[in-house]
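Given next are the chains, with one letter for each unit.
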Amino acid sequence: MRTAAILATGVTLLSLSTVPPFVMSAMARDHGVMGQTWPVIEPDLLTTIDAKLKSLEASGGIARMQKELAAKTEYRVRNPQPVAGLGVTQEPRAWLFDPSIVVADDIRDAKGNLIAARGTKVNPLGLVQLKTDLVFVDGRDPAQIAWATSKWESTKAKIIFVAGSPFDRMGEYKRRFFFDQQGKLTQHFGISHVPAVVSQEGEALRIQELLAPKPKGGA
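Residues numbered from 1 in each chain as written. Predicted model: local features only at pLDDT ≥ 70, side-chain atom pairs only at ≥ 80, totals over all residues. Heavy atoms only, no water.

## A few points about the nonpolar core
Burial of nonpolar side chains together is a common tendency in soluble globular proteins. Of all hydrophobic cores here, the largest spans 15 residues; its most connected members are Leu134, Phe136, Phe189, Ile191, Val198, Leu205 and Ile207. Sequence-distant contacts of Phe189, defined by excluding residues within four places in its chain, comprise Trp95, Phe97, Leu134, Phe136, Val198, Leu205 and Ile207. Core analysis: the next-biggest nonpolar cluster, separate from the first, contains twelve residues, Trp147, Phe177, Phe179 and Val197 among them. (Core = buried A, V, L, I, M, F, W, Y, C linked by side-chain atoms within 4.5 Å. Buried < 20%, exposed > 50% of the residue type's maximum accessible area, 1.4 Å probe, protein only. Contact = heavy atoms within 4.5 Å.)

Below you can see the structure in the form of C-alpha cells.
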C-alpha cells in the first residue's frame, strides 16, 4: 500500500509538470469575488489622531496642555524630590574615605603614551586636589543654610542641598547652591545624616556628620 501511494504521488507530480503553460495560466486566473462584500467603514487611525489634534489646537487645548506641562516641569526642577533615607545628625561621627578606582581600560595621553594600564588601582587625589569642601545640608532648615554660608565662603565650599529648593535660596543668599540629585553623592560617600562635610585629607577624604546647628533663639 505504501509503495502504491508513493507511485501515485509521483504520477501526480509528473502529470502537473506536463500540463501546458496556457492551461496552468487559465487555472490561476482571477475568478472574481465570491460572496457579498462590504466597504471598510473604520476611519484611518492617523486621520482620527490628526482630526483630534486639529480640534484641540482650534480650541486652545494644545496651548493649555503645553503651558501646564511647562509649569509642572519648572516646579519639579525648582523643587526636586528630597533625598530618601537621610536624617538629622544626632551623634556626630567621622571617617576616612578612599576614592581610589580600578581602571577598566588602558588610559593613554594624546600621544598614545600609557598613563594607567587596565586593572591598575588609581587614586584621583594623587593627581588632582579637591579644591573645595562639599557641605551637605537640608535646604528646608534655615539654621543649616545660615551655618553653612557663614562658615564657608563660596570659593571654599560647594553647599549641596539634600532637600528643599536651591533656586529659591540663591536669591536670598546671593550665592550658588547645588542639589544631590537622586542621592548619588551621599550614597557614594556613605552619608546618612546631615549636615555633613567632605574634605580632603592627604590622599583620602574625611567625611564628617556634624550636629545640626540650633535655630536662632532656640534652646
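## As for a nonpolar patch on the surface
Where nonpolar side chains cluster on the molecular surface, the patch consists of Leu45, Leu46, Ile49, Leu53, Leu56 and Met65 and spans about 590 Å² of accessible area. Here the nonpolar patch takes five residues from helix H3 (residues 45-59), the largest share from any one element. Position of Leu46 among the secondary structure elements: in helix H3. (Patch = residues over 30% accessible without salt bridge, like charges linked within 9 Å, V, L, I, M, F, W, Y side chains within 5 Å. Areas by Shrake-Rupley, 256 points an atom, 1.4 Å probe, with all protein chains shown as cover. Salt bridge = Lys/Arg side-chain N within 4 Å of Asp/Glu carboxyl O. Helix = DSSP H or I, 4+ residues; strand = E, 2+ residues; numbered from the N terminus.)

## Observations regarding unusual backbone geometry
For the bond running from Val194 to Pro195, omega is 5 degrees, close enough to zero to count as cis. Mapped onto the secondary structure, Pro195 falls in the loop between strand S10 (193-194) and strand S11 (196-201). Here the phi dihedral of Gln182 falls at roughly 60 degrees; this positive angle occurs in a residue that is not glycine. Following the sequence through the fold, Gln182 ends up in the loop between strand S9 (178-179) and helix H7 (184-189).

## Details of the pairing of strand S12 (residues 204-209)
Examined bridge by bridge, strand S2 (residues 93-97) and S12 share five bridges and lie antiparallel to one another. Paired with Phe97 across the bridge in S12 is Leu205. Bridge count between S11 and S12: six bridges; the pairing is antiparallel. Bridged to Ala196 within S12 is Glu209. Connecting S11 to the next strand, S12, in antiparallel fashion are two residues, including Gly202 with a positive phi near 65 degrees. (Pairing = 2+ DSSP bridges.)

## Here we look at the side chain of Thr186
By secondary structure assignment, the location of Thr186 is in helix H7. Judged by relative accessible area, which is 2%, Thr186 ranks as buried. A polar contact of 2.8 Å, which involves the side chain of Thr186, links it to the side chain of Asp180. Here the side chain of Thr186 touches Gly183 through a polar contact of 3.2 Å, landing on its backbone oxygen. Beyond its immediate chain neighbours, meaning those up to four positions away, Thr186 contacts Val83, Leu86, Phe136, Val162, Asp180 and Ile191. (Polar contact = N/O pair within 3.5 Å; in protein donor to acceptor, adjacent residues only side chain to side chain.)

## What about the packing of aromatic side chains?
In total, this model carries four aromatic pairs according to the counting rule given. The interplanar angle of 85 degrees and the centroid separation of 5.4 Å between the aromatic rings of Trp147 and Trp152 together place this pair among those described as edge-to-face. Trp147 sits in the buried class, given a relative accessible area of 19%. Ring centres 6.0 Å apart and planes at 80 degrees place the aromatic pair Tyr173 and Phe177 in the edge-to-face group. (Phe/Tyr/Trp six-rings, centres within 6.5 Å; stacked < 30°, edge-to-face > 60°.)

## Focus: the pattern of salt bridges
Here the structure, examined in full by the defined rule, presents five salt bridges. Ionic pairing is found between Arg93 and Glu209, a salt bridge with its closest N-O pair at 2.8 Å. You can see Arg93 sitting in strand S2 and its partner Glu209 sitting in strand S12, a full 116 residues away along the chain. One salt bridge in this structure joins Asp98 and Lys121, with 3.8 Å as the shortest N-O distance. Note that Asp98 is positioned in the loop between S2 and strand S3 (101-102) and Lys121 in strand S6 (residues 121-122), a separation of 23 residues in sequence.

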